[in-house]
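# Breakdown of the fold
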Amino acid sequence: MGNSTFYMLGGWDQVNSTVKGAAEFKKGDTQIRVQELTLEQFNSNYALASKQKTDFNVTVETRSMSGIEAKIVRTTNNTNGNIYDYYFIQKDGKYYQITAWDNTSKSSARLDVDNAVVTIISTLKSVVQNKDTNTSSSTNNNQSNSNISNNNNNNNNNNNNNHQNNGGDQTCPTCGGAGVVPKDPNDKHTTWITCPTCGGDGLV
């Protein structure tokens, strides 16, 4: 959902949401929608939801849910008892609106919603934080790979030095150019491989 993840209480089925970027769930006739908002949307939606409405009973409260302050707006249709409730929360620098509604006037609907909201809030995490962790891990891996590469380079340099000490790449005896290799490093009177600088065979 947007840049956040969470777990949902068992018994709720996820359904397609009509709101882009939101996650929506259904349990019987009760539905819950979770969406991430900007600060401006958060403040605007809270102000709009908490306004008194004709034919609706509106109550506003603030409650601690899973250690997070939740601004709750409960609206009840005075004609048929249908509910439309809102939960506005801030967590880890993110702003969320959880909307719940039920059209069957069941007294247990709000209890089911409250229990589900507690689960959502307690498990809500920002994907950005996980990404930072992955970035840190990736950085550590890159540093490790860099260290391995440096070690390999050091080993190659050591091997080259050992090769030169054993009669490997040396100066061409004909032109003084570098990169000439004797056919037999152990024989100081050996014939040298053709020099890449002057093309001479560099016989000693």
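Quick note: structure is the one above.
Residues numbered from 1 in each chain as written. Predicted model: local features only at pLDDT ≥ 70, side-chain atom pairs only at ≥ 80, totals over all residues. Heavy atoms only, no water.

### Re the overall build of the protein
The secondary structure content of the protein amounts to 3 helices and 9 strands. Along the protein, from the amino end to the carboxyl end, the secondary structure elements read β-β-β-β-α-β-β-β-β-α-β-α. Taking the contacts inside the protein whose residues are at least 6 apart along the sequence as the reference set, 40% of them involve residues at least 24 apart. (Helix = DSSP H or I, 4+ residues; strand = E, 2+ residues; numbered from the N terminus. Contact = heavy atoms within 4.5 Å.)

### Some details on unusual backbone geometry
What is expected of a backbone is that most residues other than glycine have negative phi and most peptide bonds are trans. If you check the backbone angles, aspartate 55 has positive phi at about 70 degrees while not being a glycine. As for its position among the elements, aspartate 55 is in the loop between helix H1 (39-49) and strand E5 (56-65). The phi dihedral of serine 66 is positive, around 55 degrees, even though this residue is not glycine. Within the fold, serine 66 resides in the loop between E5 and strand E6 (68-77). By relative accessible area, which is 40% here, serine 66 ends up partly exposed. (Buried < 20%, exposed > 50% of the residue type's maximum accessible area, 1.4 Å probe, protein only.)

### Focus: the environment of isoleucine 83
Counting through the fold element by element, isoleucine 83 comes out in strand E7 (residues 83-91). C-alpha separation for the pair isoleucine 83 and asparagine 57, spaced 26 residues apart in sequence, amounts to 9.6 Å.

### A closer look at the pairing of E5
Pairing analysis gives 10 bridges linking E5 to E6, with the strands arranged antiparallel. By the bridge assignment, valine 58 is partnered in E6 with threonine 75. (Pairing = 2+ DSSP bridges.)

### Notes on the sheet that holds E5
Taken together, the 7 strands give an open sheet; going across it, the order is E2-E3-E4-E8-E7-E6-E5, and neighbouring strands pair in antiparallel fashion. Strands with a single pairing partner mark the edges of an open sheet, and in this sheet they are strand E2 (13-15) and E5. Across the sheet, the mean angle from the axis of one strand to that of its neighbour is 20 degrees, orientation sign disregarded. H1 rests against strand E4 (30-37), E5, E6, E7 and strand E8 (94-102) of the sheet, and its axis sits at about 150 degrees to E7. Its contacts with the sheet put helix H2 (residues 109-123) on strand E3 (23-27), E4, E5, E6, E7 and E8, and the angle it makes with E7 is roughly 15 degrees. (Axes fitted to C-alpha atoms, helices over the stretch in contact; angles between N-to-C directions.)

### Notes on the pattern of salt bridges
This structure, assessed with the given rule, holds 9 salt bridges. Two residues, aspartate 112 and lysine 27, come together in a salt bridge whose shortest N-O distance is 3.8 Å. One end of the pair, aspartate 112, is in helix H2; the other, lysine 27, is in strand E3, and 85 residues separate them in sequence. Under the relative-accessibility criterion, aspartate 112 is labelled partly exposed at 21%. A salt bridge links aspartate 85 to arginine 74; its shortest N-O distance comes to 3.4 Å. One end of the pair, aspartate 85, is in strand E7; the other, arginine 74, is in strand E6, and 11 residues separate them in sequence. Among the ionic contacts, a cluster of salt bridges with common partners joins Glu61, Arg63, Arg74, Asp85, Arg110 and Asp114. (Salt bridge = Lys/Arg side-chain N within 4 Å of Asp/Glu carboxyl O.)

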